[in-house]
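Now for the letters of each chain:
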Amino acid sequence: MNVENKHLKLAKYSIGIGDRFAHQAKAQLQACVQALQNGVQVIPVWNKSNREHTIIGSEPLSVRRAADAAVQALHWEEPYFCDADHITLQTVDRFLDSCDFYTIDVADSIGTPATAADMESFVRRHPELLGRVQLEGVDEHFEVTREHLTRTAEKFLVAVKKAGEVYRKIENAKGAGNFIPEISMDETDRTQSTMELLIILAAIADEGIPVQTIAPKFSGRFNKGVDYVGDVAQFEPELALDVAAITYAVRQYGLPENLKLSVHSGSDKFSIYPAIHATIKRFNAGVHLKTAGTTWLEELIGLAEAGGDGLARAKEIYSEAFAGRDELCRPYATVIDVEPAKLPPPDEVRGWSSEQYTSALRHVSGTAAYNSSFRQLLHVGFKVAARMGRRYLDLLELNEAVIAKNVTENLYDRHIGPVFLGRAGTVRNSTGRNA
Ligand SMILES: [Zn+2]
């Protein structure tokens, strides 16, 4: 095979944007246009997982088409990518034509014990990881014993080898340099320490994967569509250590110099955005912020705000999501915390005004009306809208203006602004106007 090598390289700042129903690409891209107008390049990456495609009944080509059309319409001249999000050896095939970014998910293989021979040869190859390990730019250092190194290798080597298999399958199909590889280990219960991240990166380099972004499991809960749950004060020093570990791994193992952290379930983590911004500035580092369902929730907010049929459909979606809540929540068990007792009964919601619906759903923490269980259930409730098919899509098209405004504002004011531009997030009151 003779494929041209495009040397695709992900820029320093990038944002993953999910677009469940492939109707908001333009409104999403508009947020990146605004960032560029304010002097900061934030590269859009349209991500959609196999799980989402399966639930919605869509194909990866629809993401590519929507992205291409948005880029053309807004005359976007910077790079952009389509991400096969959370793919495995079993699910990668249908993404090979239309994607140029692959999030290789090997979380399920973490903890599968490596063979004694593999562990021994890993430890032999990495004497630099034994004893005192000092990372640049941070005061802390690590003392690593042979036993610690062996045990960590035992836990992660199989997962990294899996990632290698998936990477090579993509490379065979597309050619090296023609796609951005990311490795994700976030969808698991156990946090990875900085030392574990460093050992994982060493193994990734051994495996020959030119990884450009890595998504570890950070401490705290990164629930879908709601704020960070964890120790905010502790998050910043941990993030700094992880960034320092990446710098070390790039220098020590020859991994791509643009390698950076990818923050999954990164939407709506308002309380840690100042820490992320401060850390990337402090280390002159990049970051990929992956968001997805926050845009679908803005579609619902836009429909509810529109009133009439839009509001009626938004209520209908809630009431069906409420009825099917166990089934909807199950695939997302590790990334949502819905408290059943806090879910309003559908009968009550049926009587709500536009404002009652949007203020329960819109993520403004600390307001009495905001209900994070309501929001998280609807976050995973896109399956209900998918089942409605045209009955849902027609309303999206009819109410495009009000929805687009919500989609762009949410991404720009509340995500891109605080993370990449270092602006305090705009607090919106319950009517959606800037407070
Ligand atoms: Zn993820």
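S.K.: Help me understand the pairing of strand β10 (residues 287-290) in this model?
M.R.: Here is the key point about a regular strand: its side chains alternate between the two faces of the sheet. On β10, burial covers both faces: Val287 and Leu289 on one face and His288 and Lys290 on the other are all buried. Sheet analysis places strand β1 (residues 13-17) next to β10, joined by four bridges and oriented parallel. Within the sheet, the bridge partner assigned to Tyr13 lies in β10 and is Val287. Sheet topology note: the strand β9 (residues 260-263)/β10 ladder contains three bridges and is parallel. Opposite Leu261, over in β10, you have Val287 as the bridge partner. Following the chain from β9 across helix α8 (residues 273-283) to the adjacent parallel β10, one finds a crossover that is right-handed.

S.K.: Even after reading the chapter, I still don't get the pattern of salt bridges, so can you show me in this structure?
M.R.: Close approach of charged atoms lets side chains of opposite charge pair. What the rule picks out here adds up to 28 salt bridges. With its nearest N and O atoms 2.6 Å apart, the salt bridge here joins Glu52 to Arg20. Residue Glu52 is found in helix α2 (residues 50-56), and its partner Arg20 is found in the loop between β1 and α1 (25-37); the two are separated by 32 residues along the sequence. The residues Glu52 and Arg20 share a single accessibility class, namely buried. Lys161 is the salt-bridge partner of Glu207, the closest N and O atoms lying 4.0 Å from each other. Remark: Lys161 occurs in helix α5 (residues 146-174) and Glu207 occurs in the loop between α6 (194-206) and β8 (213-215); sequence separation between them is 46 residues.

S.K.: Would you mind going over the coordination of the zinc ion with me for this structure?
M.R.: Ideal values for angles at a metal depend on the geometry: 109.5 degrees with four tetrahedral donors, 90 or 180 degrees with six octahedral donors. Here the zinc ion is held by His86 (NE2), Asp186 (OD) and His264 (ND1), and the distances to it run 2.0 to 2.6 Å. With a relative accessible area of 14%, His86 lands in the buried category. Given the relative accessible area of 6%, His264 is considered buried.

S.K.: Honestly, the packing of aromatic side chains in this entry has me stumped. Any pointers?
M.R.: To describe a pair of aromatic rings, one takes the distance between the centres and the angle between the planes. Going through the model one piece at a time under the given rule, you end up with 19 aromatic pairs. Between Phe218 and Phe222, the ring centres sit 5.8 Å apart and the planes meet at 35 degrees, which makes this aromatic pair tilted. Judged by relative accessible area, Phe222 falls into the buried class, the value being 11%. Considering the side-chain rings of Phe222 and Phe235, the 6.2 Å spacing of their centres and the 50 degrees angle between planes classify their relative orientation as tilted.

S.K.: What is the right way to read the side chain of Asp85 from this model?
M.R.: The residue Asp85 is located in strand β3 (residues 81-87) in this model. There is a polar contact of 2.7 Å between the side chain of Asp85 and the side chain of Lys290.

S.K.: Explain the packing of α1 against helix α3 (residues 60-73) to me, please; I cannot follow it from the model alone.
M.R.: Angle between the axes and distance between the axes are the two parameters that describe a pair of packed helices. Between α1 and α3, the least distance of the axes is 9 Å, while the angle of their chain directions is 55 degrees. As far as their axial angle goes, α3 and α1 are oblique. Here α1 and α3 pass one another in a crossing that is right-handed. Here α1 contributes Ala25, Lys26 and Leu29 to the contact with α3, which in turn contributes Ala66, Ala67, Ala70, Val71 and Ala73.

S.K.: Looking at this model, I keep getting lost on unusual backbone geometry. Mind explaining?
M.R.: Most of the time, phi is negative for any residue but glycine, and the peptide bond is trans. Phi is positive for Asp268, which is not a glycine, with a value near 65 degrees. Note that Asp268 resides in the loop between β9 and α8. For Asp268, a relative accessible area of 0% gives the class buried. Positive phi values are uncommon outside glycine, yet Asn284 reaches one of about 50 degrees. Looking at where Asn284 falls in the secondary structure, it is placed in the loop between α8 and β10. When its relative accessible area of 57% is taken as the criterion, Asn284 is described as exposed.

S.K.: I tried to follow the sheet that holds β8 on my own but got confused; where do I start?
M.R.: By definition, the strands of a sheet pair up through backbone hydrogen bonds, in either a parallel or an antiparallel sense. The strand order β1-β2-β3-β4-β7-β8-β9-β10 describes a closed barrel built from eight strands, whose pairing is parallel. Sheet twist, expressed as the mean angle between neighbouring strand axes with direction ignored, is 25 degrees. One ladder, built from five bridges, connects strand β2 (residues 43-49) with β3; its direction is parallel. Among the inter-strand pairings, Trp46 is bridged to a residue of β3, identified as Cys82. Sheet strands in contact with α5 are β3, β4 (101-105) and β7 (180-184), and its direction is about 155 degrees off that of β4. α6 contacts β7, β8 and β9 of the sheet and is inclined by roughly 135 degrees relative to β8.

Criteria and cut-off values
Residues numbered from 1 in each chain as written. Predicted model: local features only at pLDDT ≥ 70, side-chain atom pairs only at ≥ 80, totals over all residues. Heavy atoms only, no water. Buried < 20%, exposed > 50% of the residue type's maximum accessible area, 1.4 Å probe, protein only. Helix = DSSP H or I, 4+ residues; strand = E, 2+ residues; numbered from the N terminus. Pairing = 2+ DSSP bridges. Right-handed = clockwise from strand over helix to strand, strands pointing away. Salt bridge = Lys/Arg side-chain N within 4 Å of Asp/Glu carboxyl O. Donors = N, O, S within 2.8 Å, 3.2 Å for Na, K, Ca; no water. Phe/Tyr/Trp six-rings, centres within 6.5 Å; stacked < 30°, edge-to-face > 60°. Polar contact = N/O pair within 3.5 Å; in protein donor to acceptor, adjacent residues only side chain to side chain. Axes fitted to C-alpha atoms, helices over the stretch in contact; angles between N-to-C directions. Parallel < 35°, antiparallel > 145°, perpendicular 65-115°, else oblique. Left-handed = near helix turned anticlockwise from the far one by under 90°. Contact = heavy atoms within 4.5 Å.

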